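Letter by letter, the chains look like this.
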Amino acid sequence: MPKTKRPLAVQRQITQIARDVREARLLQRLPQRVVAARAGVSVQTLAEFERGESNPSLDVMLRILRALGYADAVVEAFNYRETPSGQFLIGQEIPQRAR
């Protein structure tokens, strides 16, 4: 099955996250080998991610973010329950599965 082309907006977001990971690592004065070891990934995997050359799994991305101290912030940023639309949806009934 041929790969589908990644939407430009998604590619930009991946590039921004990769840049931010690298910048956070450098600001904390952490070498790639330390972050990679903390995350349980190879230095090559981390380096490729920081350059935007890889498409890591969510597991790998969260392990890298956790090694830098940011995984909880990422998870919290997606907490839909705290948004106005999330509050509205919480009051709604969950639809039954259509058969």
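Structure report, in brief.

Thresholds, definitions, all that
Residues numbered from 1 in each chain as written. Predicted model: local features only at pLDDT ≥ 70, side-chain atom pairs only at ≥ 80, totals over all residues. Heavy atoms only, no water. Salt bridge = Lys/Arg side-chain N within 4 Å of Asp/Glu carboxyl O. Helix = DSSP H or I, 4+ residues; strand = E, 2+ residues; numbered from the N terminus. Buried < 20%, exposed > 50% of the residue type's maximum accessible area, 1.4 Å probe, protein only. Axes fitted to C-alpha atoms, helices over the stretch in contact; angles between N-to-C directions. Parallel < 35°, antiparallel > 145°, perpendicular 65-115°, else oblique. Left-handed = near helix turned anticlockwise from the far one by under 90°. Contact = heavy atoms within 4.5 Å. Core = buried A, V, L, I, M, F, W, Y, C linked by side-chain atoms within 4.5 Å.

Under the definition given, this model contains four salt bridges. Here Arg25 and Glu50 are joined by a salt bridge, their closest N and O atoms 2.6 Å apart. Residue Arg25 is found in helix α1 (residues 8–27), and its partner Glu50 is found in helix α3 (residues 43–50); the two are separated by 25 residues along the sequence. An identical accessibility class is assigned to Arg25 and Glu50; each is buried. Note that Arg63 is salt-bridged to Asp59, the shortest N-O span being 3.0 Å.

Where helix α2 (residues 32–39) contacts helix α4 (residues 58–68), the axes come no closer than 8 Å and their chain directions differ by 120 degrees. The pairing of α2 with α4 is recorded here as oblique in orientation. Seen along the crossing, α2 lies across α4 with a hand that is right-handed. Packed against α2, whose contacting residues are Val35, Arg38 and Ala39, the element α4 presents Arg63, Ile64, Ala67 and Leu68 at the interface.

Generally speaking, a soluble globular protein has its nonpolar side chains buried in company with each other. Membership of the largest hydrophobic core comes to 16 residues, with the highest contact counts inside it found for Val21, Val35, Val41, Leu46, Ile64 and Leu68. When residues of this core are traced back to their parent elements, those giving at least two are α1, α2, α3 and α4. Counting residues per element, this core draws most heavily on α4, which supplies six residues.

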